[in-house]
Amino acid sequence: MLSMMIRSPYFWGIVALICMYLLSLFNTHSKDPFYLARGHNGQSSTSLSQNLIFTILTVFAYVTVVAARFIDSPPGEPLPALPAVPINLLVLMGLSITTSTTSKAIAITSQAEGKSSAEDKSTLLKDRDDKFDLTKAQMLIWALVAVGVYLVVLYSFISAKCYLGVNVPDLCPKDAALPDIDAAFLVLMGVSQGTYVAGKLVSRTTAKPLIEHILPAKAKAKEQVSIEGHFFGEGKDGNSLILKNGTSGAEDGIPMADIKDWKETKILFEVPDTLASGKYILSVRSGGQTGDGKDFEVTQENAK
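Residues numbered from 1 in each chain as written. Predicted model: local features only at pLDDT ≥ 70, side-chain atom pairs only at ≥ 80, totals over all residues. Heavy atoms only, no water.

Q: Which parts of the structure should I look at to understand the overall build of the protein?
A: Within the protein, the regular secondary structure consists of six helices and 10 strands. Going through the 304 residues of the protein one by one, you find that 36% of them count as buried. A separation of at least 24 residues holds for 62% of the contacts in the protein among residues at least 6 apart in sequence. About 17,000 Å² of surface is accessible on the protein, with carbon and sulfur atoms providing 62% of the total. (Helix = DSSP H or I, 4+ residues; strand = E, 2+ residues; numbered from the N terminus. Buried < 20%, exposed > 50% of the residue type's maximum accessible area, 1.4 Å probe, protein only. Contact = heavy atoms within 4.5 Å. Areas by Shrake-Rupley, 256 points an atom, 1.4 Å probe, with all protein chains shown as cover.)

Q: In this structure, what is going on with the packing of aromatic side chains? I would like to understand it.
A: Two measures describe an aromatic ring pair: the distance that separates the ring centres and the angle between the ring planes. According to the stated counting rule, one finds three aromatic pairs in the structure shown. Where Phe 269 meets Phe 296, the ring centres are 6.0 Å apart and the plane angle is 65 degrees; that geometry is what we call edge-to-face. Taken as a pair, Phe 269 in strand E7 (residues 266-270) and Phe 296 in strand E10 (residues 294-298) lie far apart in primary sequence, 27 residues in all. For Phe 269, a relative accessible area of 0% puts it in the buried group. (Phe/Tyr/Trp six-rings, centres within 6.5 Å; stacked < 30°, edge-to-face > 60°.)

Q: How should the nonpolar core be read in this particular structure?
A: Side chains of nonpolar character tend, in soluble globular proteins, to be buried together. Ranked by internal contacts, the top residues of the largest apolar core, which has 21 residues, are Phe 54, Val 65, Tyr 150, Leu 154, Phe 157, Tyr 163 and Leu 178. Every element with two or more residues in this core is listed here: helix H3 (46-72) and helix H5 (134-159). Judged by nonpolar contacts, the second largest core, of 20 residues, contains Ile 211, Phe 232, Ile 267 and Leu 282. (Core = buried A, V, L, I, M, F, W, Y, C linked by side-chain atoms within 4.5 Å.)

Q: What is the right way to look at the pattern of salt bridges in this model?
A: When the charged atoms of two side chains with opposite charge come close together, those side chains can pair. Across all of its chains, the model carries six salt bridges by this definition. Across the pair Asp 72 and Lys 161 runs a salt bridge, and its minimum N-O distance is 3.1 Å. On the criterion of sequence distance, the pair formed by Asp 72 in helix H3 and Lys 161 in the loop between H5 and helix H6 (183-204) is long-range, its members being 89 residues apart. With relative accessibility at 27%, the residue Asp 72 sits in the partly exposed group. The salt bridge involving Lys 222 is made with Glu 270; its shortest N-O contact spans 3.8 Å. With Lys 222 in the loop between strand E2 (218-219) and strand E3 (224-230) and Glu 270 in strand E7, this residue pair connects regions lying 48 residues apart in the sequence. Overlapping salt bridges bring together Lys 222, Glu 270 and Asp 273 as one network. (Salt bridge = Lys/Arg side-chain N within 4 Å of Asp/Glu carboxyl O.)

Q: Would you explain H3 in this entry?
A: At 3.6 residues per turn, the α-helix brings residues three or four places apart onto the same side. Taking 1.5 Å of rise per residue, the 27 residues of H3 would be expected to cover 39 Å, and the 39 Å separating its terminal C-alpha atoms lies within 8% of that figure. Between the side-chain oxygen at the start of H3 and the backbone nitrogen of Leu 48 there is a gap of 3.4 Å, and the oxygen is on Ser 45. (Expected span 1.5 Å × (residues − 1). Polar contact = N/O pair within 3.5 Å; in protein donor to acceptor, adjacent residues only side chain to side chain.)

Q: Looking at this model, I keep getting lost on helix H2 (residues 9-28). Mind explaining?
A: With 20 residues, H2 should reach 28 Å at 1.5 Å per residue; the first-to-last C-alpha distance of 29 Å fits that figure. Taken together, the buried positions of H2 are occupied by Pro 9, Gly 13, Ala 16, Ser 24 and Thr 28. Viewed along the axis of H2, the buried residues span an arc of 90 degrees, placing them on a single side of the element. Where H2 ends, the next residue or the one after it, His 29, has phi of about 60 degrees, a positive value. (Arc of directions from axis to C-beta.)

Q: Even after reading the chapter, I still don't get a nonpolar patch on the surface, so can you show me in this structure?
A: A contiguous nonpolar surface patch, about 290 Å² in accessible area, is contributed by Ile 141, Val 145, Val 149 and Val 153. Note on placement: Val 149 falls in helix H5. When its relative accessible area of 43% is taken as the criterion, Val 149 is described as partly exposed. (Patch = residues over 30% accessible without salt bridge, like charges linked within 9 Å, V, L, I, M, F, W, Y side chains within 5 Å.)

Q: For this particular structure, what's the right way to read the environment of Gly 287?
A: For Gly 287, the location among the structural elements is in the loop between strand E8 (278-286) and strand E9 (289-290). It is 8.5 Å that separates the C-alpha atoms of Gly 287 and Lys 208, two residues lying 79 residues apart in sequence.

Q: Could you clarify how one ought to interpret the environment of Val 153 in this entry?
A: Positionally, Val 153 belongs in helix H5. By relative accessible area, Val 153 is classed as partly exposed at 32%. Between the C-alpha atom of Val 153 and that of Ile 181, which follows or precedes it by 28 residues, the distance is 9.3 Å.

Given below as structure tokens:
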């Protein structure tokens, strides 16, 4: 039984994956085989998971083909040369690495510039706001399809002994080393990864909060004021209303208790009775960005 396993090239491919896992366990001290695919928030990252999946696939395929060459080598003859990695497979690995690196760079830069909140709820299939992300799902689905198709092609490649130079039309290309990725499929993978990165860039450059109207523009203590505009965000959690004194330039925030309603295009608040009368600049801070302010005046009836 053991000798049959050793004579199977797939056995050595699995041994290589076990060695990868042990190396990860030794360095990360985590039993999770996908620990290296976790993002900075501790959750599974789509781009890192895809990168890890393709790395596992490439290592398994390479070691399996190398083992098949050694097993099928006639006794006493020189060992066969190691197979070269096909160009499309290298491009796929490069795309995956570029996507994960770019994604991480965008996230770090966004937080450093204050264009995204420090709280990141993103997971394998959800975005920073804990909402289902179709582009992540698409990229992950294509990755799993690619793995499935490639494993089938790898099995056919080894069964036909293409690595020994056997000429089988449409299965064993000339000078075959490893089975390659179809060019059309590579384009589809590139499109899905490009869409994912583009989505990251769009979320990073979300427009600043825009105030169109403050009604009324003059108000007294306990009077309700409506702010109308765009990009305020859904809900007041993590967001704020900023008042800047028109004379001294001092900033203060409207207490959360005085904010009665907060929607994407409308905010309703009650003028705090602690505000001194005078002219202010009122602005909205949402998603780490502060919009341009508009004039707002607290009337004499509100004097301390």
